[in-house]
Every structure is written in C-alpha cells, then in structure tokens.
Amino acid sequence: MKTFNDLAELSNEEISALLELADRLDKQPEPQALQGKVLSLLFLSPSLRTLASFQAAMTRLGGGSFVISPDMSIHGLETRPGIVMDGEAAEHINEAVPVIASYGDAIGIRAFAERKNLEHDMAETEFNSLTSLIDTPWINMESAMNHPCQNLADWKTLDDLDVPANGGKFVLSWAFHPKALPLAVPASTLYTAARRGMDVTVLRPEGFELPDAVMQRARTAAESAGGSVQETDDRADAMQDAHIIYAKSWTSTRHYGDRMNDQKLRNELVDWCVDEAWFGNAQDDCRFMHCLPVRRGVVVSDAVLDGPRSVVIHEARNRMLAQMAVLHRMLGGGQ
Ligand code: CP
C-alpha cells in the first residue's frame with residue numbers, strides 16, 4: 001500500500017482485510033512488526049486522537065514516530081505558492097514537507113479545509129499540492145473532504161457492535177456548534193456508511209445540505225452495496241428505527257466561506273443538540289457515535305454522552321487499531 005487517502009480507493013476485499021488485521025493486531029500483538037521503521041507526522045491542523053493514536057500505533061508495532069506542527073518551536077511556515085517571503089515565515093512548505101518525509105519511511109499529513117471556496121476544497125487543492133511534494137508512502141490524517149482513518153475505525157466500530165450492514169439504519173445528523181466546521185467527517189462518514197450497504201439518512205436543517213457531488217457519490221456507493229441514501233430535515237422521520245445516530249456539525253454549504261451568514265443561519269438552530277428525546281422511535285439499542293472532540297451540552301447532552309448509547313470511547317480506541325492495520329500493510333507487508 002503506497003497511500004491511504006480515501007476508502008473509495010480501496011476494494012471491498014482490501015477494506016475487509018484491513019478490518020481483520022486491525023482485529024488480529026488487537027488480540028495478537030506484534031511488537032516487532034515495524035522494528036526500525038519511522039513514521040513522520042505533519043500536523044498543519046490541531047488534533048488529540050490522531051496525534052496520540054498514530055504515535056501509540058507505531059510504538060505498539062515496534063517502530064518510532066516524530067511530530068511536526070506549527071505550534072512547536074519551528075521556523076514559521078509559509079504555505080502560499082509564489083510568495084516573496086519577506087514577512088515572518090522563514091521556511092516554505094515546499095522544502096519542509098520533503099525534508100520531513102525524507103526522515104521517515106512513511107508520512108501522515110493533516111491539513112483541514114481552508115473553507116473559503118467550496119470548489120477548491122472539494123478538489124483537495126491544498127492537500128494534493130502537499131502530497132505532490134512527497135515520494136514516500138503517505139497517509140491522509142484529515143484533508144478538506146476526507147478522514148479515512150476515522151472512516152475505517154468507524155466501520156470497525158459498526159462491525160464490533162454487530163450493526164447490520166444491509167438493513168441497518170444509519171442517521172448522519174447535523175448538530176449545533178458555535179463555529180462553522182469542515183465537511184471532511186460528514187462527507188466521508190456518509191460515503192462509508194453507504195459503502196457498508198446501510199440505509200443512510202442525512203438529517204440536516206435547511207441551508208446545511210451536503211454538496212450534490214457528496215450526496216451523489218454516496219448514492220452510487222449505496223446502490224452497489226445494497227443500501228440507500230435519503231435526506232430530510234424531519235427528526236422523527238429520520239430517527240424511525242435507527243440503529244445508529246452519528247452526530248456532527250458542519251459548515252453551511254449555502255454560505256460556504258461566508259462566516260457572517262453562516263452564523264446567522266446556525267444561531268437559530270441551538271436546539272439541534274442530541275438528547276434522549278431524539279431516540280423515541282429509534283431501535284431500543286440505538287447507539288450514539290461521534291468522532292470527537294465533542295462539545296457537551298451543545299452537540300449532545302451529558303445524559304446521552306455518559307449513558308449506555310454512547311460508543312465514542314470505543315470508536316476513538318478503534319482509531320489506533322485501524323491505523324495499526326494501515327501501517328502494518330504499508331510498512332510491514334501486512335499479511
Ligand atoms: N476524530 C479526530 O480526528 O480527532 P482529533 O481531531 O482529536 O485527531
């Protein structure tokens with residue numbers, strides 16, 4: 001495996017093999033599998049889980065890792081192309097990325113969406129320009145539209161919970177958040193649930209529709225896998241018989257890059273906070289998923305997050321296991 005960028009680039013067999021490997025590495029640790037291997041980790045955007053779980057994954061497999069982020073005492077990083085560097089930044093990303101990559105056997109990169117121009121972000125313009133600077137294997141640790149490590153971990157969580165792939169109902173729900181957040185998690189989570197063959201409903205208020213291309217990609221994946229994709233702003237309709245609610249806030253695509261109008265729209269939607277009342281007509285054991293970090297009392301109530309429905313800690317631990325499988329396959333042969 002040379003890159004891990006998007007579940008859409010993997011066959012069903014490759015996804016199944018990664019999930020099996022993640023399970024195996026949990027039950028039968030291989031503390032020397034990646035002995036002598038080094039993973040470079042470049043965080044141009046913040047993290048807790050991705051940062052910690054990649055380092056833990058490498059250590060558990062016998063390899064090592066190092067982290068570079070703008071918060072560290074590195075030279076100021078310039079990311080704009082064609083700029084005269086007569087300001088604060090003393091190092092351009094065009095040198096920094098290949099240098100960092102050259103110290104490792106593979107590199108993970110996180111760079112969130114700029115959120116100024118939807119077309120630009122949908123095309124992964126910034127992320128592609130970063131990966132074009134690398135000739136080692138690389139891992140997408142969250143780009144403008146993708147979060148494949150989260151997606152693989154979430155797929156494993158659904159399998160662990162015995163949520164039916166065909167016939168299972170997955171609700172991806174927008175939730176209130178004071179800030180406009182990126183589309184990477186909702187877009188790639190929608191694809192993942194559809195690709196798994198589930199009946200997926202996107203529950204979102206007016207103005208927060210996901211881009212047409214994102215919906216279409218999911219519909220195509222669902223059709224091939226025997227699932228379906230619906231969209232509604234009706235909570236009771238969406239939650240009817242749901243096995244999973246996956247909450248996430250995202251920016252208004254109607255006002256993409258326009259903070260003032262996005263804010264105006266979301267200010268009216270503070271009641272989009274998942275609480276027990278949402279589960280009235282869902283399956284009795286309907287579970288709550290979220291990629292974390294999550295704002296308590298804003299996105300979800302304490303009662304749901306601390307109660308038996310919540311699987312967010314299991315989900316977060318699966319990040320480490322899923323990434324161990326990816327690293328094993330990428331750097332150790334992974335059989
Ligand atoms: N879910 C996730 O990617 O968490 P972090 O942003 O903390 O890495």
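Topic: the sheet that holds strand E8 (residues 169-174)
In step 1: Strand order in the open sheet formed by five strands is E10-E9-E8-E11-E12, and the pairing between neighbours is parallel. Unpaired on one side and paired on the other, strand E10 (228-232) and strand E12 (287-289) mark the two borders of the sheet. In this sheet, neighbouring strand axes are inclined to one another by 20° on average, regardless of whether the strands run parallel or antiparallel.
In step 2: Here E8 runs beside strand E11 (residues 244-248); their pairing, made up of five bridges, is parallel.

Details of the environment of His120
In step 1: Within the secondary structure layout, His120 lies in helix H4 (residues 118-122).
In step 2: Overall, the relative accessible area of 28% leaves His120 in the partly exposed class.
In step 3: Residues contacting His120, with those up to four places away along its chain left out, are Glu114, Thr125 and Glu126.
In step 4: Polar side-chain contacts of His120 include one of 3.4 Å to the side chain of Glu114.

Considering the sheet that holds strand E1 (residues 3-4)
In step 1: Read from one edge to the other, the open sheet built from five strands follows the order E1-E7-E6-E2-E3, with strand pairing classed as parallel. Every interior strand has two partners, whereas the edge strands, E1 and strand E3 (64-68), have only one.
In step 2: By the bridge criterion, five bridges tie strand E2 (residues 38-43) to E3 in an arrangement that is parallel. From the neighbouring strand, Val38 faces E3, where its bridge partner is Gly64.
In step 3: Its contacts with the sheet put helix H12 (residues 312-331) on E1, E2, strand E6 (106-110) and strand E7 (138-140), and the angle it makes with E7 is roughly 155°.

Thoughts on the packing of aromatic side chains
In step 1: Under the counting rule described, the total for this entry stands at six aromatic pairs.
In step 2: Ring plane angle 85° and centroid distance 6.1 Å describe the contact between Trp272 and Trp278, whose orientation is recorded as edge-to-face. The exposure classification of Trp272 matches that of Trp278, with both residues buried.
In step 3: Through pairs of rings, three or more aromatic residues link up here, namely Trp174, Phe208, Trp272 and Trp278.
In step 4: The side chain of Arg235 reaches across the aromatic face of Trp272, ending 4.9 Å from its centre.

So, unusual backbone geometry
In step 1: The step from Leu292 to Pro293 runs through a cis peptide bond, and the omega angle for that step is 5°.
In step 2: In this fold, Pro293 is placed in the loop between E12 and helix H11 (302-306).
In step 3: For Glu124, which is not glycine, the phi torsion reads 55° and is therefore positive.
In step 4: With respect to the element layout, Glu124 can be found in the loop between H4 and helix H5 (125-131).
In step 5: Phi at Glu142 is positive, roughly 125°, even though this residue is not glycine.

Some points on the domain arrangement of the chain
In step 1: Each assigned domain of the chain is listed here: domain 1 (3-147 + 319-331) and domain 2 (162-310).
In step 2: Between the C-alpha centres of domain 1 and domain 2 there is a distance of 26 Å.
In step 3: Counting residues at the interface gives 21 residues for domain 1 and 20 residues for domain 2.
In step 4: Taking both sides of the interface into account, the surface hidden between domain 1 and domain 2 amounts to around 1600 Å²; carbon and sulfur atoms contribute 60%.
In step 5: Linking domain 1 with domain 2 are one salt bridge, by the criterion used here.
In step 6: Note that Arg217 is salt-bridged to Asp6, the shortest N-O span being 3.1 Å.

Cut-offs used in this document
- Residues numbered from 1 in each chain as written.
- Predicted model: local features only at pLDDT ≥ 70, side-chain atom pairs only at ≥ 80, totals over all residues.
- Heavy atoms only, no water.
- Pairing = 2+ DSSP bridges.
- Helix = DSSP H or I, 4+ residues; strand = E, 2+ residues; numbered from the N terminus.
- Axes fitted to C-alpha atoms, helices over the stretch in contact; angles between N-to-C directions.
- Buried < 20%, exposed > 50% of the residue type's maximum accessible area, 1.4 Å probe, protein only.
- Contact = heavy atoms within 4.5 Å.
- Polar contact = N/O pair within 3.5 Å; in protein donor to acceptor, adjacent residues only side chain to side chain.
- Phe/Tyr/Trp six-rings, centres within 6.5 Å; stacked < 30°, edge-to-face > 60°.
- Lys NZ or Arg CZ within 6 Å of the ring centre and 35° of its normal.
- Domains from an automatic or database assignment.
- Buried area = accessible area lost by both parts, 1.4 Å probe.
- Salt bridge = Lys/Arg side-chain N within 4 Å of Asp/Glu carboxyl O.

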